[in-house]
Amino acid sequence: ELTSKGARLLIISHLGRPKGKIMEEFSLTKIVDAFAEEVDAEEITMIPDCIGRVVKKVGADLKPGGIAILENLRFHSGEEKNNKEFAKKLSENADIFVNDAFSVSHRKHASTNAIADLLPSYAGRSLETEIDMLEKITNKIDRPLMAIIGGSKISTKINLLENLVNKVDFLVIGGAMANTFLGAKGFSLGKSYLEKDHFKTALNVLD
């Protein structure tokens, strides 16, 4: 939609949890071909960093409708720390910020939070659809209603869980997050991931 209007796009994203270190296995070069196929782009430029002179130069040289993917945001520790200086460096290369990443919008990271204070900011079409679907829960809806929640951590979804239990008839917990609920109920999980410090939260949701 944006490229058809002549916009030059810089795509920012992350992969894995490199915790501020450059790790080849988490490079976004691995997704360039799949991304190009998904958006039906003839050519996509891969930039080896997400801030700095190279980003500014390549971004400025993109033709109208051109697309560049910036390297993994999490190669910089400032991303997950919601560092304002890092967000400022990200913002210097763009005129507008579009957030289309619903799955990380609950996180206070530089690319989802701090950057929105520095650029005119908008929700992307995918994020818009997700919010529309969530809003249907708050309006008149056919019953019974079931919500399925996945992911690995309760800690990042406490507010969502506590909100949903008052709105739905059935709440299904999946992914590694289910381990914390099972652990809270006394089941042995072996070496599986769970958040022991959130057993109380899990029991509250179950109650």
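One numbering rule holds for all chains: residues counted from 1, following each sequence as written. pLDDT decides what is reported in this predicted model: residues at 70 or higher carry local features, side-chain atom pairs at 80 or more are listed and counted, and totals for whole chains, interfaces and linings draw on all residues regardless. Remark: hydrogens and water are excluded; side-chain values derive from all non-hydrogen atoms of the structure.

Secondary structure elements are defined from DSSP: runs of H or I of at least 4 residues count as helices, runs of E of at least 2 residues count as strands, and each element is numbered from the N terminus. Tracing the chain through its elements places serine 91 in helix 4 (residues 84–91). Relative accessibility under 20% of the residue-type maximum defines a buried residue, over 50% an exposed one, and the middle range a partly exposed one, all with a 1.4 Å probe and only protein chains included. Its relative accessible area of 10% is what places serine 91 among the buried residues. Sequence separation between serine 91 and leucine 119 is 28 residues, and the spatial gap between their C-alpha atoms is 6.7 Å. Apart from residues lying up to four places away in sequence, serine 91 is in contact with Ile115, Leu118 and Leu119. Contact criterion: two residues are considered in contact whenever any of their non-hydrogen atoms come within 4.5 Å of each other.

Moving on to the environment of lysine 21. With respect to the helices and strands, the residue lysine 21 is situated in the loop between strand 1 (9–11) and helix 1 (32–39). Lysine 21 sits 28 residues away from aspartate 49 along the chain, and the two C-alpha atoms are 12 Å apart. If near-sequence neighbours (up to four positions away) are discounted, lysine 21 is found in contact with Arg74 and Phe75.

Below, the discussion takes up the sheet that holds strand 3 (residues 67–70). In this analysis, strands are considered paired if DSSP registers two or more bridges between them. With parallel pairing, the three strands of this open sheet are ordered in space as 1-3-2. Edge positions in the sheet fall to strand 1 and strand 2 (44–47), since each of these pairs with one other strand and no more. Direction aside, the axes of adjacent strands within the sheet are offset by 25° on average. In this structure, strand 1 lies alongside strand 3, joined through three bridges in parallel fashion. Counted as the bridge partner of isoleucine 11 is isoleucine 69 from strand 3. Set on the sheet, helix 1 makes contact with strand 1, strand 2 and strand 3; between it and strand 2 the angle comes to about 150°. Between the N-to-C directions of two axes lies an angle of 0 to 180 degrees, each axis being a line fitted to C-alpha atoms and, for a helix, fitted only over the stretch in contact. Helix-sheet contacts for helix 2 (residues 53–61) involve strand 1, strand 2 and strand 3, and the interaxial angle to strand 2 is about 165°.

Our next topic: a nonpolar patch on the surface. On the surface, a cluster of nonpolar side chains totalling about 370 Å² of accessible area is made up of Leu2, Ile96, Val98 and Tyr122. Mapped onto the elements of the fold, valine 98 is located in strand 4 (residues 97–99). By relative accessible area, which is 38% here, valine 98 ends up partly exposed. Patches here are clusters of residues that have more than 30% relative accessible area and form no salt bridge, with a 9 Å joining cutoff for like charges and a 5 Å cutoff for nonpolar side chains (Val, Leu, Ile, Met, Phe, Trp, Tyr). The method behind every accessible area is Shrake-Rupley, applied with a 1.4 Å probe, and residues are considered shielded solely by the protein chains displayed. The working definition used for a salt bridge is a side-chain nitrogen of Lys or Arg within 4 Å of a carboxyl oxygen of Asp or Glu.

Below, the discussion takes up the environment of isoleucine 51. Note on placement: isoleucine 51 falls in the loop between strand 2 and helix 2. Of the residues examined, isoleucine 51 reaches a relative accessible area of 13% and is grouped as buried. In this structure, the C-alpha to C-alpha distance between isoleucine 51 and leucine 206, residues 155 residues apart in sequence, is 44 Å. Contact partners of isoleucine 51, with chain neighbours within four places excluded, come to His76, Phe86, Lys89 and Leu90.

Direction vectors running N to C along helix 7 (residues 177–184) and helix 8 (residues 199–206) enclose 85°, while the axes themselves pass 8 Å from each other. Taken together, helix 7 and helix 8 sit at an angle that is classed as roughly perpendicular. Touching Thr180, Phe181, Gly183 and Ala184 of helix 7 are Phe199, Ala202, Leu203, Val205 and Leu206, all from helix 8. Each residue gets one label: Ala, Val, Leu, Ile, Met, Phe, Trp, Tyr, Cys and Pro are nonpolar, Asp, Glu, Lys and Arg are charged, and the others, such as Gly, are polar. Tallied by class, the residues present in the contact of helix 7 with helix 8 amount to seven nonpolar, two polar and no charged. Orientation labels follow simple angle bins: below 35 degrees gives roughly parallel, above 145 gives roughly antiparallel, 65 to 115 gives roughly perpendicular, and whatever is left gives oblique.

Take unusual backbone geometry next. Apart from glycine, the bulk of residues carry a negative phi angle, and the bulk of peptide bonds sit in the trans form. Look at the link from arginine 143 to proline 144: it is a cis peptide, with omega at 0°. Position of proline 144 relative to the elements: it lies in the loop between helix 5 (125–138) and strand 6 (146–149). In this model, lysine 19 sits at a positive phi of 55°, which is unusual for a non-glycine residue. Tracing the sequence through the fold places lysine 19 in the loop between strand 1 and helix 1. With a relative accessible area of 62%, lysine 19 lands in the exposed category.

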